[in-house]
Amino acid sequence: MGMVKVVGLVLHPRRDCGSAIDAIVKWADRRDVTVLGLHDEINRIDCDAVAVTPEEMVERAGLLVSLGGDGTMLRTMRLVEGRKTPVLGVNVGRLGFLAEVDLPDLPAALSAIDEHKFTIEARTAVRTTLPDGREVSAFNDIAMVRVPGDGLAAIGISVEKKNFVNYAADAVIVATPTGSTAYSFSAGGPIVSPNVEGLIVTASAAHSSFNRPLMLALQEQLDLDVLPTSGRLAIEVDGIIEGYAGPDDRLCIQPVPAAAQVIRLGNTSFYERARRKLRVEGSAQVGVPDSGDAVVVDSFERQRYELLLGGEVAGVLHYRRHGGQIELMHTDIEQSFSGRGLASRLATAALEDARSRATPVVPSCPFVIGYLDRHPEFADLLATPTVDS
């Protein structure tokens, strides 16, 4: 891909992407690049992006940037399905798994793309035709899920037109390798490398005697038959209910190899991200152990402290270690968790950690600077300013 001349933005429906958009517009201005946004998304904010339809964006953009979390990334991939337009995922807010960069790293990421310092990873999609005749695509998974109050999902799995096994379960999930760490994983499925080509079929809370996941090659024909004993089922496409199915309905699953191209900058591997997302092992816990159910961990691969509530990342404090010092750069609390004093928890934990490691602190985050003003007991941690700063 040559120098990008047109960049399209896809935004999270609620999260504040203002600072990310500013960074992209600044970068675009310096390089004479046009920035496009979708009508209904751009109208919420005051920015210099040109409002266009999804069709026009996909037609014109040489690069799409997803600003939000995993849901936004999946939506962006579905938007460009089947095209060669690369997608850069930028994490705004909660810990994203599919996104490649966090907000503070965005300017550096855009420069790297300018300089062709990136790789492209192709992602498989799954497509099916709903009972009502509409075609849908997913990059994580298509799931047939029991409707509360109705009977179990009773589904016959046919491979190459022959019945292989019948599942009775709360849900039957067909996942791509990308989706192996999403719904399929919580149902007991394996973690599958994105470099594997294949589909995973997983039954959630299987009541049938056979309850193992199945891995199929892309060229093997997969059909899901709703059996006469089944209750009514919701059809979820990347977690969004798109339709319903009942006894005698059949979903024919079509894999779409290389349906989207995702930009990788090589900062973290799939396995590092999977470990963080799935908490395969605990990170070193830092800070004050006794304050309720909030836990702060030092996520050193991502250079940030993460505050976890019930296993979910509710806030982060980005840092940089250089020259034996730690710079506390940027605190970000997920909107739905604001007002609980979590930013102070993060600041305290980071400063206690610096004290225990005898590391001088350079605060550049406005919140941390204000916090230090209010808490003179941490003043002794501050690095003595050098002449050249």
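Residues numbered from 1 in each chain as written. Predicted model: local features only at pLDDT ≥ 70, side-chain atom pairs only at ≥ 80, totals over all residues. Heavy atoms only, no water.

**What about the overall build of the chain?**
And then number 1: Scanning the chain from N- to C-terminus turns up nine helices and 24 strands.
And then number 2: Its C-alpha atoms give the chain a radius of gyration of 23 Å, near enough to 21 Å, the size a compact globule of 389 residues would have.
And then number 3: For the chain, the C-alpha atoms occupy an extent of roughly 75 × 50 × 35 Å along the three principal directions.
And then number 4: Going through the 389 residues of the chain one by one, you find that 52% of them count as buried.
And then number 5: Considering only contacts in the chain between residues 6 or more positions apart, those separated by 24 or more positions represent 62%.
And then number 6: With the model as given, the accessible surface of the chain reaches about 17200 Å², and the carbon-plus-sulfur share is 51%.
And then number 7: Of the side-chain charges in the chain, 38 are positive and 51 negative, and the distance between the mean point of each set is 2 Å. (Helix = DSSP H or I, 4+ residues; strand = E, 2+ residues; numbered from the N terminus. Rg over C-alpha atoms; globule rule 2.2 N^0.38 Å. Buried < 20%, exposed > 50% of the residue type's maximum accessible area, 1.4 Å probe, protein only. Contact = heavy atoms within 4.5 Å. Areas by Shrake-Rupley, 256 points an atom, 1.4 Å probe, with all protein chains shown as cover. Lys, Arg positive; Asp, Glu negative; His and termini not counted. Charge placed at Lys NZ, Arg CZ, Asp CG, Glu CD.)

**A short note on the pattern of salt bridges**
And then number 1: Enumeration over the complete set of coordinates arrives at 23 salt bridges.
And then number 2: Between D170 and R146 there is a salt bridge, and its shortest N-O distance comes to 3.4 Å. Residue D170 is located in the loop between β11 (162-169) and β12 (171-175), and its partner R146 is located in strand β9 (residues 141-146); the two are separated by 24 residues in the primary sequence.
And then number 3: Accessibility expressed as a relative area gives 28% for D170, which makes it partly exposed.
And then number 4: The exposure class of R146 is partly exposed, given its relative accessible area of 30%.
And then number 5: Here D380 ties to R355 by a salt bridge, and the two come within 2.5 Å at their closest N and O atoms. Taken together, the residues span a long stretch of sequence, with D380 in the segment after α9 (366-374) and R355 in helix α8 (residues 342-356) at a distance of 25 residues. (Salt bridge = Lys/Arg side-chain N within 4 Å of Asp/Glu carboxyl O.)

**Description of the environment of A138**
And then number 1: By the element assignment, A138 lies in strand β8 (residues 135-138).
And then number 2: The class for A138 is buried, based on a relative accessible area of 0%.
And then number 3: For the pair A138 and A99, spaced 39 residues apart in sequence, the C-alpha separation works out to 17 Å.
And then number 4: When neighbours within four sequence positions are excluded, A138 is seen to be in contact with A125, V126, T176, V237 and D238.

**As for the pairing of strand β13 (residues 199-204)**
And then number 1: Taken across its six residues, β13 has six buried, putting it largely inside the fold.
And then number 2: Across the two faces of β13 the burial is the same, with L199, V201 and A203 and I200, T202 and S204 all buried.
And then number 3: Two elements, β12 and β13, share five bridges in a ladder whose sense is antiparallel. Bridge pairing in β13 places V174 opposite V201.
And then number 4: Where β13 and strand β14 (residues 214-216) come together, three bridges link them in antiparallel fashion. When the sheet's bridge partners are listed, L199 is paired in β14 with L216. (Pairing = 2+ DSSP bridges.)

**Regarding the sheet that holds strand β17 (residues 240-245)**
And then number 1: As summarised here, the arrangement of the six strands in space is β14-β13-β12-β9-β16-β17, forming an open sheet in which the pairing is antiparallel. Two strands in the sheet have a free side with no partner beyond their single neighbour: β14 and β17. Mean inter-strand twist for the sheet, computed between neighbouring axes without regard to direction, equals 20°.
And then number 2: In terms of strand pairing, β9 meets β12 through five bridges, oriented antiparallel. The residue bridging D141 from the neighbouring strand is A175, located in β12. (Axes fitted to C-alpha atoms, helices over the stretch in contact; angles between N-to-C directions.)

**Regarding the nonpolar core**
And then number 1: Ranked by size, the top nonpolar core spans 32 residues in total, and within it V65, L67 and L88 carry the most contacts.
And then number 2: Broken down by secondary-structure element, the contributors of at least two residues to this core are β1 (6-11), α1 (18-31), β4 (63-68), β5 (86-91) and α5 (106-114).
And then number 3: Broken down by element, this core gets its largest block of residues, six residues, from α1.
And then number 4: Setting aside chain neighbours within four positions, we find V65 in contact with V7, G8, L9, V10, I24, L88 and V90.
And then number 5: Counting 30 residues, the second largest nonpolar core, distinct from the first, contains A153, Y167, L222 and A245. (Core = buried A, V, L, I, M, F, W, Y, C linked by side-chain atoms within 4.5 Å.)

**Quick notes on the confidence of the model for the chain**
And then number 1: Residue-level pLDDT values for the chain average 87, and 92% of them are 70 or greater.
And then number 2: No element of the chain has a lower mean pLDDT than strand β19 (residues 285-286), at 46, and none a higher one than strand β15 (residues 222-226), at 98.
And then number 3: Here residues 281-291 scores under 50 on pLDDT; set against residues more than four positions off or in separate chains, the count is 18 contacts. (pLDDT = per-residue confidence, 0-100.)

**Examining the packing of α1 against α5**
And then number 1: Running from N to C, α1 and α5 point in directions that differ by 35°, and their axes come no closer than 10 Å. Note that α1 runs across α5; the crossing there is right-handed. Of α5, the residues touching α1 (which contributes A20, A23, I24, W27 and R31) are L106, L110, S111 and D114.
And then number 2: Each residue belonging to the contact of α1 with α5 can be placed in one class, and the counts come to six nonpolar, one polar and two charged. (Left-handed = near helix turned anticlockwise from the far one by under 90°. Nonpolar A, V, L, I, M, F, W, Y, C, P; charged D, E, K, R; others polar.)

**A look at α5**
And then number 1: Of all the residues in α5, the buried ones are L106, A109, L110, A112, I113 and D114.
And then number 2: Buried-residue contacts for α5 involve α1, β4, β5, β6 (101-102) and β18 (250-264).
And then number 3: Looking at the residues trailing α5, positive phi occurs at H116, about 60°.

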